[in-house]
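A closer look at the structure
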Amino acid sequence: MSFAEYKELIQDGDTAIVFLGHESMFPVTIQQGGQTQTKYGVIRHSTDLIGKCYGSKVTCSKGGWVYILYPTPELWTMNLPHRTQILYSTDISMITMMLELKPGSVVCESGTGSGSLSHAIIRTVAPTGHLYTVEFHQQRAEKAMEEFKQHKVDHLVTVRNQDVCKNGFGVSHVADAVFLDIPSPWEAIGHAKDALKTEGGRLCSFSPCIEQVQRTCLALNEHGFAEINTLEILLRTYDVRTVSLQIPNFGKAVEEKENPESGDASKPLSGSQQGCALLKSGISPRETVGHTGYLTFAHQEFI
Ligand SMILES: C[S@@+](CC[C@H](N)C(=O)[O-])C[C@H]1O[C@@H](n2cnc3c(N)ncnc32)[C@H](O)[C@@H]1O
């Protein structure tokens, strides 16, 4: 198992996703002799998981079943242990496209945080690219390194424990793209410029507040970045549901009204006389879509 490639069989040491439903899943580290409790009973790793194919339906001790899924960055984002606020797949997908990331890209990132974005970047730039990620919180930096090792992507990433605003990314003129998710990104723009290849590259900064965006855009302008562009993405999901719609009663037609033998046309039909139609429909969940942050993109070109 590696977050950067696919394998069919579940092995000792893998991180797998136990899938009980779209709203209920969790990661598990597979261990010879290990056990995992679910609401459907226990799963025994040696007999129930190791050697089976990813995607298998596994019966738990109480007779219920779960699916065991291969871990992808998207599933990891939904299930990872939060050490910070994280980026979600909607923003990550736009970041990946707008930074033009592809296999072989070299990327600088700060801060690493909980590694949600890092896993997506690593998967995209593998097998020949590299991620240099900077996190000034020591425990977070160490935990990220541990996870990258466990997920067998540590050869694709370098974690540095330093302040990106003071000390930069620890590399010069190697990056195709730079990504910032820190409270004061404007203080790191000079270092971002230094990290980018001499022929230039792309930059993205994520900030929740518009005042942070304003300061970042001014700094980008001062450092000669072009095509400065801020956007926000709002995701709207739909649940497919069977809904019952009452067929409206508009009263009887004019001809029927004029013919009193056809009954009292002015009276509306009672609830039981009125029909209902059942149909499948896409229903948007009640919660309003929340603001995550503004994404500011810019380009640095060799002059
Ligand atoms: C919101 S989190 C990043 C989350 C990350 N993008 C993810 O998807 O998991 C911000 C991180 O930046 C780190 N940080 C803040 N300022 C920093 C700086 N000047 N240098 C390095 N890291 C910094 C914080 O410790 C925190 O872990």
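Structure first, text after, so check above.
About the thresholds
- Residues numbered from 1 in each chain as written.
- Predicted model: local features only at pLDDT ≥ 70, side-chain atom pairs only at ≥ 80, totals over all residues.
- Heavy atoms only, no water.
- Salt bridge = Lys/Arg side-chain N within 4 Å of Asp/Glu carboxyl O.
- Buried < 20%, exposed > 50% of the residue type's maximum accessible area, 1.4 Å probe, protein only.
- Phe/Tyr/Trp six-rings, centres within 6.5 Å; stacked < 30°, edge-to-face > 60°.
- Helix = DSSP H or I, 4+ residues; strand = E, 2+ residues; numbered from the N terminus.
- Lys NZ or Arg CZ within 6 Å of the ring centre and 35° of its normal.
- Near = heavy atom within 4 Å.
- Polar contact = N/O pair within 3.5 Å; in protein donor to acceptor, adjacent residues only side chain to side chain.
- Areas by Shrake-Rupley, 256 points an atom, 1.4 Å probe, with all protein chains shown as cover.
- Nonpolar A, V, L, I, M, F, W, Y, C, P; charged D, E, K, R; others polar.
- Pairing = 2+ DSSP bridges.
- Axes fitted to C-alpha atoms, helices over the stretch in contact; angles between N-to-C directions.
- Contact = heavy atoms within 4.5 Å.
- Parallel < 35°, antiparallel > 145°, perpendicular 65-115°, else oblique.
- Left-handed = near helix turned anticlockwise from the far one by under 90°.

1. Let's talk about the pattern of salt bridges
Summed over the entire model, instances satisfying the criterion amount to 6 salt bridges. Of the charged contacts, one joins Arg241 and Asp239 as a salt bridge, the two residues approaching to 3.8 Å between their closest N and O atoms. Since its relative accessible area comes to 46%, Arg241 is described here as partly exposed.

2. Some points on the packing of aromatic side chains
Evaluation of the coordinates by the stated rule reveals 4 aromatic pairs. Pairing Phe3 with Trp76 gives two aromatic rings, centres 5.8 Å apart and planes at 80°, and the pair type is edge-to-face. Here the residue Phe3 occupies a position in the segment before β1 (15-21), and Trp76 occupies one in helix α2 (residues 73-79), the gap between them amounting to 73 residues. Exposure class is identical for Phe3 and Trp76. Each is buried. Judged by centre distance (4.6 Å) and plane angle (55°), the ring pair of Tyr6 and Tyr70 falls under tilted. Pair noted here: Tyr6 is in the segment before β1 and Tyr70 is in the loop between β6 (65-69) and α2, with a separation of 64 residues, a long-range link. The exposed category is assigned to Tyr6, whose relative accessible area is 54%. Here the aromatic residues Tyr6, Tyr54 and Tyr70 are joined through ring pairs into a cluster of three or more. Positioned above the aromatic ring of Trp65 is the side chain of Lys57, whose terminal nitrogen or guanidinium carbon lies 4.0 Å from the ring centre.

3. Structural notes on the site of the ligand
Around the ligand, a shell composed of 24 residues is seen, among which Glu135, Arg140, Asp163, Val164 and Asp181 lie nearest. Contact distances for the ligand include 3.2 Å between an oxygen atom and a backbone N or O atom of Leu87. At 3.0 Å, a backbone N or O of Val164 approaches a nitrogen atom of the ligand. Here the ligand has 610 Å² of accessible area as a free molecule, and 91% of this is covered by the chains. Classifying every residue of the shell around the ligand gives 9 nonpolar, 11 polar and 4 charged.

4. Looking at unusual backbone geometry
The omega torsion across Ser110 and Gly111 is -15°, close enough to zero to call that bond cis. The topology assignment puts Gly111 in the loop between β7 (106-110) and α4 (116-125). Omega for the peptide link from Ala126 to Pro127 comes to 5°, which places this bond in the cis form. Residue placement: Pro127 occurs in the loop between α4 and β8 (130-134). Backbone geometry places Glu100, a non-glycine residue, at a positive phi of 55°. Tracing the backbone through its elements, the reader meets Glu100 in the loop between α3 (89-98) and β7. Glu100 gets classed as partly exposed once you look at its relative accessible area, which sits at 48%.

5. What about the sheet that holds strand β12 (residues 226-231)?
The strand order across the open sheet built from 7 strands is β9-β8-β7-β10-β11-β15-β12, with neighbouring strands paired in mixed fashion. The outermost strands of the open sheet, each flanked by one partner alone, are β9 (157-160) and β12. Mean inter-strand twist for the sheet, computed between neighbouring axes without regard to direction, equals 15°. Bridging between β7 and β8 involves 5 bridges; their strand directions are parallel.

6. As for the pairing of strand β15 (residues 294-301)
Counting buried positions along β15 yields 6 of 8 residues, so the element is predominantly enclosed. As judged from the 8 bridges shared by strand β11 (residues 200-207) and β15, these two strands associate in the antiparallel manner. Each bridged residue has a counterpart across the sheet, and for Gly201 the counterpart in β15 is Gln300. One ladder, built from 4 bridges, connects β12 with β15; its direction is antiparallel. Across the sheet, Ala226 pairs through a bridge with His299, a residue of β15.

7. Side note on α3
Every buried residue of α3 is listed here: Asp91, Ile92, Ile95, Thr96 and Met98. On the buried face of α3, the contacting elements are α2, α4, β10 (177-180), β11, β12 and β15. Just downstream of α3 lies Glu100, where phi reads positive at about 55°.

8. Brief notes about the pairing of strand β3 (residues 35-38)
Side chains Thr36 and Thr38 project from β3 onto a buried face, and the interleaved Gln35 and Gln37 project onto a face without burial. Pairing geometry for β3 and strand β4 (residues 41-44), over 4 bridges, is antiparallel. Within the sheet, the bridge partner assigned to Gln35 lies in β4 and is Arg44. Where β3 hands over to β4, the hairpin turn is made up of 2 residues, counted between the paired strands.

9. Some remarks on the packing of α3 against α4
At a minimum axis distance of 11 Å, the contact between α3 and α4 shows a crossing angle of 40°. Taken together, α3 and α4 sit at an angle that is classed as oblique. For the crossing formed where α3 meets α4, the hand is right-handed. Between α3 and α4, the residues in contact are Ile92, Ile95 and Thr96 and Ser116, Leu117, Ala120 and Thr124, respectively. When the residues that make up the contact of α3 with α4 are grouped by side-chain class, the tally is 4 nonpolar, 3 polar and no charged.

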